[in-house]
Amino acid sequence: MKTETTIQGLTASLNPARATRKTIGFIPTMGNLHQGHLNLVREARQLCDVVVVSIFVNPTQFGPNEDFDNYPRTLEQDSNLLAEVGCDIVFAPSVEQMYGKYPRLTNISVSEITNDLCGLQRPGHFDGVALVVTKLFNIVQPNFAFFGQKDYQQLAVIKQMVRDLSIPIEVIGVPIARAEDGLALSSRNGYLTEQDRQTAPVIFKALKTAEQNLHSGQVLSDTLGQIRASLTDAGLIVDYVEVRNPMLQKVDQFDQDVVLFVAAKLGKTRLIDNLQVKRPA
Ligand code: PAF
């Protein structure tokens, strides 16, 4: 496995693959990798000839009061994990390499679906994600790009952007990786205290109960209320409990496939999760 820290170095490493029309699979990450990321790499490994993973803590997607400076940077540990699952190239650029020393005057902004759910609490966050992902797509020029469904809204934003801008990359969403007790894997889980870690699976339990209730004919608004109550009873501070269709449009009845979304604070840690619920045929 090679590590490249410059765009020039990465291009040189990828040119032979490009010249021989090998398929390139790409997983953008901010590092501090867990099994969820490694599943994305495994998926890419099955589908592509060459697998590239970027590790870059992107400053433009962090708000002024967010944890950019403290975000864990664990390149050596991440590289060992990536080598084990068959990554070919790690791209780990500096902020200067990605954003250069000249002022940046171009923004990438996906409207509507970014002003909802997590976008409401984190203004500008998805613009930062769209910007860095566009840059990384242009640098790596992959055939396929892999994103986790845990960040469902992020995946929807990237898919929308790729469609709108005719970016010639197939975006693949990979199912959420969960711990045995159902907690969605996330770099943020590392911030949970031991006691909060015991409580955290209540989110997935509430989502699974909601799925059953919907299939038994419960009214959507009651289902959302029940999720909210389960989380509050367990001591979480709910940011939102929402339902959307798979394209992130609002729905008020369970007459189509839906996605249930939760964001809640447990102690100091903000957790998100979602569950896709199929409308029974
Ligand atoms: O999901 C993430 O880790 C980041 O938002 C991404 C896609 C790597 C962009 O910085």
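For the structure itself, look to the data block above.
Residues numbered from 1 in each chain as written. Predicted model: local features only at pLDDT ≥ 70, side-chain atom pairs only at ≥ 80, totals over all residues. Heavy atoms only, no water.

### Topic: the site of the ligand
Reasoning step 1: Neighbouring the ligand are the residues P28, T29, M30, N58, Q61, V129, V132 and Q154.
Reasoning step 2: Between Q61 and the ligand, the recorded distance is 2.6 Å, taken from a side-chain N or O atom to an oxygen atom.
Reasoning step 3: Protein contacts shield 88% of the accessible area of the ligand, which totals 290 Å² for the unbound molecule.
Reasoning step 4: Where the shell around the ligand is concerned, the elements lending two or more residues are β2 (24-29) and α6 (125-140).
Reasoning step 5: For the shell around the ligand, the class distribution of residues is four nonpolar, four polar and no charged. (Near = heavy atom within 4 Å. Polar contact = N/O pair within 3.5 Å; in protein donor to acceptor, adjacent residues only side chain to side chain. Areas by Shrake-Rupley, 256 points an atom, 1.4 Å probe, with all protein chains shown as cover. Helix = DSSP H or I, 4+ residues; strand = E, 2+ residues; numbered from the N terminus. Nonpolar A, V, L, I, M, F, W, Y, C, P; charged D, E, K, R; others polar.)

### Thoughts on the sheet that holds β2
Reasoning step 1: Taken together, the six strands give an open sheet; going across it, the order is β1-β4-β3-β2-β5-β6, and neighbouring strands pair in parallel fashion. A single partner strand is all that each edge strand has here, and the edge strands are β1 (2-4) and β6 (170-174). Direction aside, neighbouring strands of the sheet carry axes that sit 25° apart on average.
Reasoning step 2: As defined by bridge partners, β2 adjoins strand β3 (residues 50-55) across six bridges and the pair is classed as parallel. Paired with P28 across the bridge in β3 is S54.
Reasoning step 3: This element, α6, spans β2, β3, β4 (89-91) and β5 (144-148) of the sheet and lies at about 150° to β2. (Pairing = 2+ DSSP bridges. Axes fitted to C-alpha atoms, helices over the stretch in contact; angles between N-to-C directions. Contact = heavy atoms within 4.5 Å.)

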